[in-house]
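For reference, the chains in residue letters:
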Amino acid sequence: MADRRTAILEAATRVIARRGVRGLRVEELATEAGVSTSLIYYHFTDRAGVLRRTLEFISERAERYTTDRPADAQPLDPREELRQTLLLEFQDTPAVRENSTAWGELRASAVFDPELREDLAKATLEWVQEIAELLGRARPSGTATGYAASAERLTALLEGLSVRWLSGSLPLAHARELMASAIEAELRE
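S.K.: What should I look at first to understand helix α6 (residues 94–110) in this one?
M.R.: Because each turn of an α-helix spans 3.6 residues, side chains separated by three or four positions end up pointing in the same direction. Its 17 residues place the ends of α6 24 Å apart at the C-alpha level, agreeing with the 24 Å of an ideal helix rising 1.5 Å per residue. Where α6 is concerned, the buried positions are Val96, Glu98, Asn99, Ser100, Ala102, Trp103, Leu106, Ser109 and Ala110. On the buried face of α6, the contacting elements are α1 (2–19), α4 (47–67), α7 (114–138) and α8 (144–166).

S.K.: Teacher, can you tell me more about unusual backbone geometry here?
M.R.: Negative phi characterises most residues that are not glycine, and trans characterises most peptide bonds. Despite not being glycine, Thr45 has its phi angle at roughly 70°, a positive value. Overall, Thr45 belongs to the exposed group, its relative accessible area being 61%.

S.K.: Please explain the pattern of salt bridges as it appears in this structure.
M.R.: Oppositely charged side chains may form a pair once their charged atoms are brought near each other. Here the structure, examined in full by the defined rule, presents 17 salt bridges. Between Arg18 and Glu28 there is a salt bridge; the shortest N-O distance is 3.8 Å. Remark: Glu28 occurs in helix α2 (residues 26–33) and Arg18 occurs in helix α1; sequence separation between them is 10 residues. Across the pair Arg137 and Glu81 runs a salt bridge whose closest N-O atoms are separated by 2.4 Å. Of this pair, Arg137 sits in helix α7 while Glu81 sits in helix α5 (residues 78–87), placing them 56 residues apart in sequence. Arg137 sits in the partly exposed class, given a relative accessible area of 37%. Overlapping salt bridges, with partners in common, bring together Arg14, Arg18, Arg19, Glu28 and Glu32 in one network.

S.K.: Can you help me understand the packing of α1 against α4 in this one?
M.R.: The geometry of a pair of packed helices is captured by two quantities: the angle between their axes and the separation between those axes. Where α1 meets α4, the closest approach of the two axes is 9 Å, and the angle between their N-to-C directions is 95°. Considering their axes alone, α1 and α4 lie roughly perpendicular with respect to each other. Facing Arg5, Thr6, Leu9, Glu10, Ala12, Thr13 and Ile16 of α1, the residues of α4 in contact are Val50, Leu51, Arg53, Thr54, Phe57, Ile58 and Arg61. Residue classes in the contact of α1 with α4 are distributed as 7 nonpolar, 3 polar and 4 charged.

How each quantity is defined
- Residues numbered from 1 in each chain as written.
- Predicted model: local features only at pLDDT ≥ 70, side-chain atom pairs only at ≥ 80, totals over all residues.
- Heavy atoms only, no water.
- Helix = DSSP H or I, 4+ residues; strand = E, 2+ residues; numbered from the N terminus.
- Expected span 1.5 Å × (residues − 1).
- Buried < 20%, exposed > 50% of the residue type's maximum accessible area, 1.4 Å probe, protein only.
- Contact = heavy atoms within 4.5 Å.
- Salt bridge = Lys/Arg side-chain N within 4 Å of Asp/Glu carboxyl O.
- Axes fitted to C-alpha atoms, helices over the stretch in contact; angles between N-to-C directions.
- Parallel < 35°, antiparallel > 145°, perpendicular 65-115°, else oblique.
- Nonpolar A, V, L, I, M, F, W, Y, C, P; charged D, E, K, R; others polar.

Any functional reading would require information beyond the geometric quantities listed.
Shown next as structure tokens:
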């Protein structure tokens, strides 16, 4: 059952990335996932439930591809862990492209959808808190307020660079360079 649910969420991410939130139709999602529409309603109740859970899925998948390391790998120092967590959002892979594009589509739609806005604000806050915690470990002499402000700047910059990279107006290597230099600047504060 979990495999079908995952397949539906992967398909929802693809459809949102390709057609936007407004273009997400449950019937098209069912076709993309290879399941019946009734199964989608069974798992997610309604379209809003699909969107809410897809947002969670995108966040969880991003956490996996930015933090997973081989079991026998040496632990990263806090600075390198912060760098890896942010820079691995810039990979030319289908999962990262889909995730980043779908996240941007969900963010854009939240402007007009208060329910989605609330869910997105929660997911964003969790992400900012994660980055603030990494900043605190990498630069222990700072303050909680300073870490939160730095995390806000870094995550906002990442989203902006990602949109530019995905839309073809910024080469991937340059986006990574800009992000890396911003990380270093925030660590110097």
